[in-house]
Each structure stands twice: as C-alpha cells, then as structure tokens.
Amino acid sequence: MDEQSEIIDISEEKECRYWTSRLGVKIEVLKSAIRATRCVTLKDISVYFDQNNIKHLTTHS
C-alpha cells in the first residue's frame, strides 16, 4: 500500500502506538491533526504537519 492511500486508524491502543511511533509525534498532536484536517490519510496528515511546521518522520512526494 502506498502512502497516498494509507489510512491512519487510532481507534485502538495498538494502532495509536504504531502511528505515533511511525510518525514520531505524540498522540495529542496526531489527534489534533486529524481533527483539524478531518482526514485520516497519511498523505493529508503529513501535509498538515509540514504546513504547520510540526516535526514528524514521514516523507512524501
């Protein structure tokens, strides 16, 4: 699955740990990004982080 279509699911604790570790952000930051964008795709969240100068571990093209 490419980054364009990856869905960030934080409905379970295990998923929260995975995504916060993968993105290098705290859960509060990730939840805020999801609320602000109303999106759950990795691409959209990464763009939000970039636009708001939030350090994260993803790269996108």
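Here goes a summary of the coordinates provided. Predicted, not measured: the structure shown is a model, and the values here were computed from it. (Residues numbered from 1 in each chain as written. Predicted model: local features only at pLDDT ≥ 70, side-chain atom pairs only at ≥ 80, totals over all residues. Heavy atoms only, no water.)

So, about the pattern of salt bridges. Enumeration according to the criterion identifies two salt bridges in this entry. The salt bridge partner of Arg-17 is Glu-13, with a shortest N-O separation of 3.8 Å. Taken as a pair, Arg-17 and Glu-13 lie in helix α1 (residues 13-23) at a separation of four residues, close to a single helical turn. Using a relative accessible area of 48% as the deciding quantity, one classes Arg-17 as partly exposed. Glu-13 gets classed as exposed once you look at its relative accessible area, which sits at 54%. (Salt bridge = Lys/Arg side-chain N within 4 Å of Asp/Glu carboxyl O. Helix = DSSP H or I, 4+ residues; strand = E, 2+ residues; numbered from the N terminus. Buried < 20%, exposed > 50% of the residue type's maximum accessible area, 1.4 Å probe, protein only.)

Moving on, we get to the packing of aromatic side chains. Per the stated rule, a full pass over the model turns up two aromatic pairs. Ring geometry for Tyr-18 and Trp-19: centres 5.0 Å apart, planes at 80°, overall edge-to-face. Geometrically, the ring pair formed by Tyr-48 and Phe-49 is tilted, given 6.3 Å between the ring centres and 55° between the ring planes. Each of the two residues, Tyr-48 as well as Phe-49, counts as buried. (Phe/Tyr/Trp six-rings, centres within 6.5 Å; stacked < 30°, edge-to-face > 60°.)

Turning to unusual backbone geometry, a few remarks are in order. One non-glycine residue, Arg-38, adopts positive backbone phi at about 55°. With respect to the secondary-structure elements, Arg-38 resides in the loop between α2 (27-37) and α3 (42-51). Judged by relative accessible area, which is 78%, Arg-38 ranks as exposed. Although it is not a glycine, Asn-53 adopts a positive phi angle of roughly 55°. Checked against the element boundaries, Asn-53 lands in the segment after α3.

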